[in-house]
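Observations on chain architecture
Take a look at the letters that make up each chain.
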Amino acid sequence: MGNQELCLPSQRLVADRRRHPPRRICPQRAVLRFFIVFDLDDTLFPEADFVIAALSELERNFNIAPGTLTSTGDFPAAFDLAAKLTGRPVGEMVDFYRNCRPAIELPEATAKTLAELRDMGCGIGLLTEGRPTTQNNKIDRLGLRRYLTREPLIASPRSAGGTGKQFAVYTGGIDADLFVSVGDNPAKDFAEPRSLGWLTVMLRDKGRNIHPQPASADVNIVIDSLAELPDVLKNV
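Owing to the predicted nature of the structure, the values given are computational and were not obtained by experimental measurement.

Reading the values: the criteria
- Residues numbered from 1 in each chain as written.
- Predicted model: local features only at pLDDT ≥ 70, side-chain atom pairs only at ≥ 80, totals over all residues.
- Heavy atoms only, no water.
- Buried < 20%, exposed > 50% of the residue type's maximum accessible area, 1.4 Å probe, protein only.
- Helix = DSSP H or I, 4+ residues; strand = E, 2+ residues; numbered from the N terminus.
- Pairing = 2+ DSSP bridges.
- Phe/Tyr/Trp six-rings, centres within 6.5 Å; stacked < 30°, edge-to-face > 60°.
- Lys NZ or Arg CZ within 6 Å of the ring centre and 35° of its normal.

1. Describing the pairing of strand β1 (residues 32-38)
Burial of β1 is extensive: five of the seven residues sit out of reach of the surface. Sheet topology note: the β1/strand β4 (residues 176-183) ladder contains six bridges and is parallel. Bridge pairing in β4 links F34 to L178. Pairing geometry for β1 and strand β2 (residues 123-129), over four bridges, is parallel. Residue pairing for β2: F35 is matched across the bridge by G123.

2. Overview of the pairing of β4
Among the eight residues of β4, seven are classified as buried, and the element is accordingly described as predominantly covered. As paired strands, β4 and strand β5 (residues 199-203) are joined by four bridges and run parallel to one another. Following the sheet pairing, V182 is matched in β5 by V201.

3. A look at the packing of aromatic side chains
By the definition in use, this model includes eight aromatic pairs. Ring geometry for F50 and Y97: centres 5.9 Å apart, planes at 70 degrees, overall edge-to-face. Of the two residues, F50 is situated in helix α2 (residues 47-61) and Y97 in helix α4 (residues 90-99); the sequence distance between them amounts to 47 residues. Comparing F50 with Y97, the two get one shared label, buried. Relative to W198, the ring of F179 lies with its centre 5.2 Å away and its plane at 20 degrees, an arrangement referred to as stacked. With a gap of 19 residues between them, F179 in strand β4 and W198 in the loop between α8 (191-195) and β5 connect regions that are remote in the sequence. The class of F179 is buried, set by a relative accessible area of 16%. Taken together through their ring pairs, the aromatic side chains of F35, F167, F179 and W198 make up a single cluster. In this structure, K138 packs its charged tip against the face of F50, placed 4.4 Å from the ring centre.

As structure tokens, then:
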């Protein structure tokens, strides 16, 4: 063979790779059929029930007779009465209320609906407004994170537009055929989603909501129960 250099298979493979680098195969990004952004208060859990539970926790912690604060029907009056009965500052009563972890549970029907949506392959997010400690305590006590595919976003009520101008930020980087906003407050839950081309679904007030729902609310669909949502999406 004279001076001919012997080229081993491994050497030929390296040389071939240099001449023809392997094509990099990027995994295809998964596209969701739906990504649903829920509101929290009066959508996934009645705010009136949280108020009663938190005031009851305040009663227990400061040895106030059960029902004393929950029967006032008024926040300032409840805190003023608690301060008077305990001899402590009103601010201490307010701080305890905002930071406590009351005994609340996700309604069974709501849990069932969220599980069904998750099993349908829907992406689920949560965009709420309020004080971070209070809202995070609600989220934890209700066990909502088990259903979510993205961490909740808690917007400050003092920010411009409240939860407005937050929907696009919250869903950045998510691929979905259709985004859906589910809420109860026409003033904050639907304007930006509509401008983004989302489907807007309003949960009808049963008479206990914090925010009013005018008959002129500009939404795509109104439902009486969250249990209706899976069928609504199946028919979109």
